Every structure is written in C-alpha cells, then in structure tokens.
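Residues per chain are reported as follows:
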Amino acid sequence: MERKLFTEWAMDIAEESKKRSTCLSRQVGAVIIRDKQIIATGYNGAPAGAIHCSDIGYCERRKRGFPSGQGLELCRAGHAEANAIDQCARRGTSCFGATLYVTTQPCVFCCIHIIQAGIKKVIFKGEYPTGLGLTLLNESGIEYEKYEDALKREEAERVKKHQLEMQRVQEFLSQPKNY
C-alpha cells in the first residue's frame, strides 16, 4: 500500500474547501497546516453576514469587463488565503511557521497577509497575472513552490526515506526476537 503524499493530501483539502466558494468568477480553496495539523481552511466569498455574489447572481468585476487580477476593489469576496488567515485570527491561533496550500497562486494582497501572518511556506497551483506577490514573498524570505514541483520533491524524499526504512526493517527481521 502506498500512502498519499502529504502535499497531495493537503491540496485535496484545499480543493474540497473551494467547493464552499460563493464567487462566480473563480473558486479558490486554502488550508493552513502547522506541524502536520490543519489549523484553518478558507475559500473565497463575501464576508460573514454580507450578501454573496452567488445570491446576487452576478460578479461586479465581470459585469464591468475587468480582466483577472484587476478591479479587485470592486470584489465582494475575501480571498481564500486571507479568509484562512482570518479564521486563525478569530480563534487566536497563530499561523507563525505554518505552510499554506492554495488552489491558485496568491495575489499581491494575499501575499502581504501571508508575510504578515508569519506563514513560512506557500504551495500553490496555477498562475496569477501579476508576479509582484511572489516577488514580495521572495524578498521576505517566504518559501513558495508550485504544487507539481512540491509533489516531485516530496516523492523523491519519500523514495529516499523508504530505502532507509527498508534497511531498518531488514535489520529488525534478521535479529532474533525475545518475545
């Protein structure tokens, strides 16, 4: 039996989280994990108590013809990454040292939240039309990695760890048992 890679498992949770999105343009999900434990999830949608775009029936940005990444001041939705960070703040849970898994590359505003929250690493899918967010992460010493690259790296680590573990197993099996 081969276990699912941790990164794959975490991104699956982010993918499931995005199913709660109320955004009509793009559904995004995020999960924050520290010490292999989920501390928050998030998805994009209107703030608590506000009317959702899915209820209004249209996206103001789309209605005005803004391309992806522009006109964000007209968007009713908080982004998945910021909403996950806000969930931590609401519960008094620190994001410091955590890893954020997100189904879309974070925008510049979310990257600022990520930096300020003390998140140490971001694993993301896809591309965002501006590179400033990644530039800020880089300048601030925050690691970031595309999902596909993270999977390749983790798989290589898993193979190496498995080889070492099999040596331990062979040693264990070759020794007499006193029980």
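Residues numbered from 1 in each chain as written. Predicted model: local features only at pLDDT ≥ 70, side-chain atom pairs only at ≥ 80, totals over all residues. Heavy atoms only, no water.

Chemist: Any details on the layout of surface pockets? Residues and values, ideally.
Modeler: Reported here for the largest pocket is a volume of approximately 910 Å³. If you trace the largest pocket, you find 27 residues lining it, with L5, F6, K36, E154 and K161 closest to the centre. Of the residues forming the lining of the largest pocket, the biggest block, 8 residues, is contributed by helix α7 (residues 147-174). For the lining of the largest pocket, the per-class residue count stands at 9 nonpolar, 4 polar and 14 charged. (1 Å grid on protein atoms, 1.4 Å probe; cavity = no way out; pocket = protein on both sides within 12 Å on 5 of 7 lines; lining within 4 Å. Points joined across faces, edges and corners; volume = space filled by probe spheres on them. Helix = DSSP H or I, 4+ residues; strand = E, 2+ residues; numbered from the N terminus. Nonpolar A, V, L, I, M, F, W, Y, C, P; charged D, E, K, R; others polar.)

Chemist: So what about the pattern of salt bridges? Which residues, and what values?
Modeler: A side chain of one charge can pair with a side chain of the opposite charge when the charged atoms of the two come close. All chains considered together, the criterion is met by 13 salt bridges. A salt bridge links K18 to E15; the nearest nitrogen and oxygen atoms lie 3.0 Å apart. With its nearest N and O atoms 2.8 Å apart, the salt bridge here joins R64 to E60. The class for E60 is partly exposed, based on a relative accessible area of 22%. Each of K121, E143, E145, R153 and E157 takes part in salt bridges that share partners, so that together they form one network. (Salt bridge = Lys/Arg side-chain N within 4 Å of Asp/Glu carboxyl O. Buried < 20%, exposed > 50% of the residue type's maximum accessible area, 1.4 Å probe, protein only.)

Chemist: Can you lay out the packing of helix α5 (residues 108-117) against helix α6 (residues 132-139) for me, pointing to particular residues and giving the numbers?
Modeler: One can describe the packing of α5 onto α6 by two numbers: an axis separation of 8 Å at closest approach and a directional angle of 20 degrees. By the criterion of interaxial angle, the relationship of α5 to α6 is roughly parallel. α6 is crossed by α5, and the crossing has right-handed handedness. Residues V108, C111, I112, I114 and I115 of α5 touch α6, and the partners they reach there are L132, G133, L134, L136 and L137. When grouped by side-chain class, the residues that make up the contact of α5 with α6 number 9 nonpolar, 1 polar and no charged. (Axes fitted to C-alpha atoms, helices over the stretch in contact; angles between N-to-C directions. Parallel < 35°, antiparallel > 145°, perpendicular 65-115°, else oblique. Left-handed = near helix turned anticlockwise from the far one by under 90°. Contact = heavy atoms within 4.5 Å.)

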